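These are the residues of each chain, in order.
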Amino acid sequence: MADPADAGEWRDYLSTLAPELEFRQWPDIGNPAEVRYILAWEPLANLAEQFRNLRVLYAAGAGVDQFELTQLPDQVSLVRLVDSSMADIMAEYVLYGVLALHRDILTYQEDQRGGRWQPRPIVHASQRRVGVMGVGNLGRAALDRLQPLGFQLSGWNRSLKNVPGGCCYVGLEQLEDFLGQCDILVNMLPLTVETDGILNAARLSCLPRGAGLINVGRGAHVVEQDLLDALDAGQVGGAVLDVLLQEPPSRQSPFWKHPRVLLTPHIASDVQVEGGVAVIAENLRREEEGRPLLNLVDRSKGY
Ligand code: GLV
C-alpha cells in the first residue's frame, strides 16, 4: 500500500532478507485469505473481515496512533518498524534542534533579517538542561547523542528508564518537577489517550521562562493555541516543530511565519526500509520458534 517506487524498495529488500515471502502490492493482492502479513502506513478498512488469516500488521514507521487498536482482532499482532538507523536519524534532528535553541539561532535569524549585528552572551552547554519526554528507543538514541556535548540531561517516562548522565522522572506525579528543570524540552512520546494534549498551557507554564521546545512526536501532543500564546508571552522562547496537528498546516496557520518557530515538514526521521525488513525477517524466525516478536505493540499501552 505505497507508491510503486517505495513498494519496489521493500520488495527488493524482502526478496534478499526474507526470500520465502511472496510479495503482493496493493491493490493486486490476489486472494485476501492468503495474506499473512500486511505492511502499511495507513489503516485499512475492514481489515479483520478482508484478511481472515492475517498474523501481523507491520506499521511502516515508529508511531501507531493512526490505527484504531481496538478494531484489530486479538490474533493479529501489531509491530512497529523502528530500527537503529531510524533512531540515529531522529537523534540527528534532535541534536540539530537542541543546538539551534541552545545557540539562540532563531534570534540571530531575526537579527539577520532585521539587519542587526548583535552578539548575545553565550551559555555553556553544562549550564543548559535538556529534558526528553519519552525514553524509548528513539528517546534513548537522542540522549546518547546529546550526552557527549555536555548538556545536563534528564528524561520523563511512564516507567523508570536509564538516562545517560542524568535522572529519569516517572509518571504524571513527577511531570511538573521534570518540566520545571527543562531549559530545552524535547517531546518524543508516542501519541496515546494519555499523552494527547499533554503539553497544554498549564504544563508549558511549568517550564522555566523562555525555555525551548522541540516536538518530534505528534502535533496532537501540543495544544497549539496554548503554545502560540506561550510563545507570544515569552514563556516559551522558541520552538522547533517537525509535527503539527494538521499536516500540512492551512495557509493561514501562524506557524508558517512565526519568528520564534522553526518548522519542518515531518522529516525528523522516517522508516528505514533495510532496517524495517530486517525486523520482519527476524520476526519470521521468532514466529517459527514461538518466541516473542520484536517491536510488538502493547495494545494496553498504545505503543
Ligand atoms: C513517523 O512519524 C513515524 O511514526 O514513523
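That block above? That's the structure.
Since the model is a prediction, treat every value here as computed from it, not as a measurement.

1. Considerations on the sheet that holds strand β3 (residues 77-80)
Strand pairing in a sheet is mediated by backbone hydrogen bonds. Such pairs are either parallel or antiparallel. Spatial ordering of the open sheet is given by β1-β2-β3, a layout of three strands whose pairing is parallel. Edge positions in the sheet fall to β1 (37-40) and β3, since each of these pairs with one other strand and no more. The mean inter-strand angle of the sheet, taken between neighbouring strand axes irrespective of direction, is 20°. Bridge count for strand β2 (residues 56-59) against β3 is four bridges, and the pairing is parallel. Pairing of Tyr-58 across the sheet is with Val-79, part of β3.

2. Regarding the packing of helix α1 (residues 4-17) against helix α9 (residues 273-289)
In the contact formed by α1 and α9, the axes pass within 9 Å of each other and the chain directions differ by 45°. Relative to α9, the element α1 lies oblique. Considering the relative orientation of α1 and α9, their crossing is right-handed. Mapping the contact onto sequence places Glu-9, Trp-10, Tyr-13, Leu-14 and Leu-17 in α1 and Val-273, Glu-274, Gly-276, Val-277, Ala-278, Ile-280 and Ala-281 in α9. The class makeup of the residues in the contact of α1 with α9 is nine nonpolar, one polar and two charged.

3. What about the side chain of Asp-226?
Here Asp-226 shows up in helix α8 (residues 224-232). For the buried residue Asp-226, which engages in no salt bridge, the nearest side chain bearing the opposite charge is Arg-203, 9.3 Å off. At a separation of 2.8 Å, a polar atom in the side chain of Asp-226 contacts the main-chain amide nitrogen of Ala-201. With residues near it in sequence (within four places) discarded, Asp-226 still touches Asn-200, Ala-201 and Leu-204.

4. Some remarks on α1
A rise of 1.5 Å per residue sets the reference length of α1, with its 14 residues, at 20 Å; its end C-alpha atoms lie 20 Å apart and thus fit the reference within 8%. Those residues of α1 lying buried are Ala-7, Trp-10 and Leu-14. End-on, the buried residues of α1 take up no more than an arc of 60°, which puts them together on one face. Projecting away from the buried face of α1 at angles above 90 degrees are the exposed residues Ala-5 and Thr-16.

5. Overview of the pattern of salt bridges
Two side chains with opposite charge may pair up if their charged atoms get near one another. Enumeration over the complete set of coordinates arrives at 16 salt bridges. For Arg-24, the salt bridge is made with Glu-34, and the minimal N-O distance between the two is 2.7 Å. In this pair, Arg-24 is assigned in the loop between α1 and β1 and Glu-34 in the loop between α1 and β1, connecting sequence segments 10 residues apart. Using a relative accessible area of 29% as the deciding quantity, one classes Arg-24 as partly exposed. Overall, Glu-34 belongs to the partly exposed group, its relative accessible area being 45%. Among the ionic contacts, a cluster of salt bridges with common partners joins Glu-282, Arg-285, Arg-286, Glu-289 and Arg-291.

6. Remarks on the nonpolar core
Ranked by internal contacts, the top residues of the largest apolar core, which has 33 residues, are Val-98 and Met-188. At the level of secondary structure, the elements contributing two or more residues to this core comprise α3 (84-102), β4 (129-133), α5 (137-146) and β7 (184-187). Per-element accounting of this core gives the leading share, nine residues, to α3. Apart from residues no more than four positions distant in its own chain, Met-188 is found in contact with Met-90, Val-94, Val-132, Met-133, Gly-134, Leu-138, Gly-139, Ala-142 and Val-216. Of all hydrophobic cores here, the second largest spans 26 residues; its members include Cys-182, Ile-198, Leu-204 and Leu-241.

7. Re the site of the ligand
Around the ligand, the surrounding shell consists of Trp-41, Gly-61, Ala-62, Gly-63, Met-86, Arg-218 and His-266. A distance of 2.7 Å is found between an oxygen atom of the ligand and a backbone nitrogen or oxygen belonging to Ala-62. For the ligand, an oxygen atom lies 2.6 Å from a polar atom in the side chain of His-266. In isolation the ligand exposes 190 Å². Once the protein is present, 87% of that is buried. Here the shell around the ligand is composed, by residue class, of three nonpolar, three polar and one charged.

8. Thoughts on the state of the cysteines
The tally for this structure, following the rule as stated, stands at zero disulfides. Cys-168 takes part in no disulfide bond, and the closest cysteine sulfur, belonging to Cys-167, lies 7.5 Å away. The exposure class assigned to Cys-168 is buried, which follows from its relative accessible area of 12%.

9. Observations concerning the pairing of strand β8 (residues 211-215)
Here is the key point about a regular strand: its side chains alternate between the two faces of the sheet. Among the five residues in β8, five count as buried, and that is most of the element. Following the backbone out of β8, through α8 and into the adjacent parallel strand β9 (residues 236-241), one traces a crossover that is right-handed.

What counts and how
- Residues numbered from 1 in each chain as written.
- Predicted model: local features only at pLDDT ≥ 70, side-chain atom pairs only at ≥ 80, totals over all residues.
- Heavy atoms only, no water.
- Pairing = 2+ DSSP bridges.
- Helix = DSSP H or I, 4+ residues; strand = E, 2+ residues; numbered from the N terminus.
- Axes fitted to C-alpha atoms, helices over the stretch in contact; angles between N-to-C directions.
- Parallel < 35°, antiparallel > 145°, perpendicular 65-115°, else oblique.
- Left-handed = near helix turned anticlockwise from the far one by under 90°.
- Contact = heavy atoms within 4.5 Å.
- Nonpolar A, V, L, I, M, F, W, Y, C, P; charged D, E, K, R; others polar.
- Buried < 20%, exposed > 50% of the residue type's maximum accessible area, 1.4 Å probe, protein only.
- Lys, Arg positive; Asp, Glu negative; His and termini not counted.
- Salt bridge = Lys/Arg side-chain N within 4 Å of Asp/Glu carboxyl O.
- Polar contact = N/O pair within 3.5 Å; in protein donor to acceptor, adjacent residues only side chain to side chain.
- Expected span 1.5 Å × (residues − 1).
- Arc of directions from axis to C-beta.
- Core = buried A, V, L, I, M, F, W, Y, C linked by side-chain atoms within 4.5 Å.
- Near = heavy atom within 4 Å.
- Areas by Shrake-Rupley, 256 points an atom, 1.4 Å probe, with all protein chains shown as cover.
- Disulfide = S-S within 2.5 Å.
- Right-handed = clockwise from strand over helix to strand, strands pointing away.

Functional significance is not addressed by these values, which are geometric in nature.
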